[in-house]
Amino acid sequence: MGMFMKMRKIVVALLLVALALPAFASTVTVEWQWTVNDPAVQFFRYQVDGEDPNLWEYVPCDVTSYSISGVDGSRSYALYLQQSYDGRNWSASSVSVSQPYVVEDPAPVEPVQPVAPVEPVQPVQSVQPVEPVKPVEPAAPVEPVQPVDDAQSAAPVEAVEEPAPVETEAPSQSSSAPVGEGSDDVIVHAVDEVETPVPVEPVQPVAPVEAPVPVEKPSTFRFTLSFAGGVGINDIPSAVNYDAQAGITLGFEDIVASTVAGFDIKLALGAIADPLYSLSDINIDNVFAFSQYSKALYADLLLGGNLKMGSTELYLDLGARLLAGYGGYIASGLFSAGSFDFVVQPTAVLGLRFNIGSLFNLFVEGQYVLDMGDFSAPLENMRHSVTPRIGFGFTF
């Protein structure tokens, strides 16, 4: 198949995206992306680690990436990718292999040492101020003794004792001195400086990977419209004569198909003009005179198959022809309707078609028809007809 189909090389770029879920997990996501430089390409197909005919995934030409997620990151994966113009003929595979991805374990984070509790400072009891000692007032001076008369001298004079001096004591220093002025009652405990722990950066969550949207496998069915003309060689082997034929064929092809073969149903409609004059009487008047021909119409129902070889196809169809002869074209038919006589004939078509792109084609074919002749004695009047034709067609 591939040797008959010229395609440009696919340019495949590998993009490996390894997402740790979380950072120490061993599963990764592998993604492939590709580009193509041939605008005529319509489809891609691919599969991982093989080229099994039944495992291809088909996508249209606007899909240029594929990914698999949750796979083992310690091994490699190979993507096989092919391209096609029509969804039936495929190029050779382009292969892209991913590299194993190893996720390193993160460095362990040392736990923060707990800080020893700080003992509270005992409050200092308030010191009551000492009231100062009032100074002792000096004693009043003693008035001198007045001399008395002799009469009074006999009376004793009472001596006045001078009060003893009172010693003034200086106020003693209280043991409750203010804090910081030599007091030993208050003990302040020194606290070691606490180191600030190093902040640990949180692990960023990984965004979920979206699953690829499944793409339906492209249909292989196609509709063809063909036009052809040829010269019929009739009444073999008794009296050979010639006629002109032209027709149109409607094809419903690849109803059931693989990449190399398909099943077809066709309906062919056409006209036959059998000249009433001999070859020696050919002239312009006879050629263009409608009355100088016996005429017939036909409808062929054909079932067959095709074999694909790149852009070339070989097809074989078998079926039956319903022939309607006008004005005595058929000597003895199965039934008549007005001026037409009808007969059914087995037929077969063998042809070779050349596809030019995905729309247009040219073909050559030959059709065989078994003419039973007069049905009163079919074996004795059996004749053969062969019609070579050339034509062109369109594929939709």
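Residues numbered from 1 in each chain as written. Predicted model: local features only at pLDDT ≥ 70, side-chain atom pairs only at ≥ 80, totals over all residues. Heavy atoms only, no water.

### Observations concerning the nonpolar core
(1) Moving on: The biggest cluster of nonpolar side chains holds 14 residues, and the ones touching the most others in it are Val 30, Trp 32, Trp 34, Tyr 46, Tyr 66 and Ile 68.
(2) Moving on: Where this core is concerned, the elements lending two or more residues are strand 2 (27-35), strand 3 (43-48), strand 5 (65-72) and strand 6 (78-84).
(3) Moving on: Counting residues per element, this core draws most heavily on strand 2, at four residues.
(4) Moving on: Among the nonpolar cores identified, the runner-up in size contains six residues, and Ile 272, Tyr 298, Leu 323 and Val 343 belong to it. (Core = buried A, V, L, I, M, F, W, Y, C linked by side-chain atoms within 4.5 Å. Buried < 20%, exposed > 50% of the residue type's maximum accessible area, 1.4 Å probe, protein only. Helix = DSSP H or I, 4+ residues; strand = E, 2+ residues; numbered from the N terminus.)

### Here we look at the pattern of salt bridges
A side chain with one charge may pair with a side chain of the opposite charge, provided their charged atoms come close.
(1) Moving on: The full count for this structure, using the stated rule, is twelve salt bridges.
(2) Moving on: Note that Glu 253 and Arg 353 form a salt bridge whose closest N and O atoms lie 2.6 Å from each other. With Glu 253 in strand 9 (residues 241-257) and Arg 353 in strand 14 (residues 340-356), this residue pair connects regions lying 100 residues apart in the sequence.
(3) Moving on: Judged by its relative accessible area of 0%, Glu 253 falls in the buried class. (Salt bridge = Lys/Arg side-chain N within 4 Å of Asp/Glu carboxyl O.)

### Re the side chain of Thr 387
(1) Moving on: One can find Thr 387 in strand 16 (residues 383-395).
(2) Moving on: Owing to a relative accessible area of 3%, Thr 387 belongs among the buried residues under this scheme.
(3) Moving on: One polar contact links Thr 387 to Gln 245, side chain to side chain, over a distance of 3.3 Å.
(4) Moving on: Residues in contact with Thr 387, not counting those within four places in the same chain, are Gly 230, Val 231, Gly 232, Gln 245, Glu 365, Gly 366 and Gln 367. (Polar contact = N/O pair within 3.5 Å; in protein donor to acceptor, adjacent residues only side chain to side chain. Contact = heavy atoms within 4.5 Å.)

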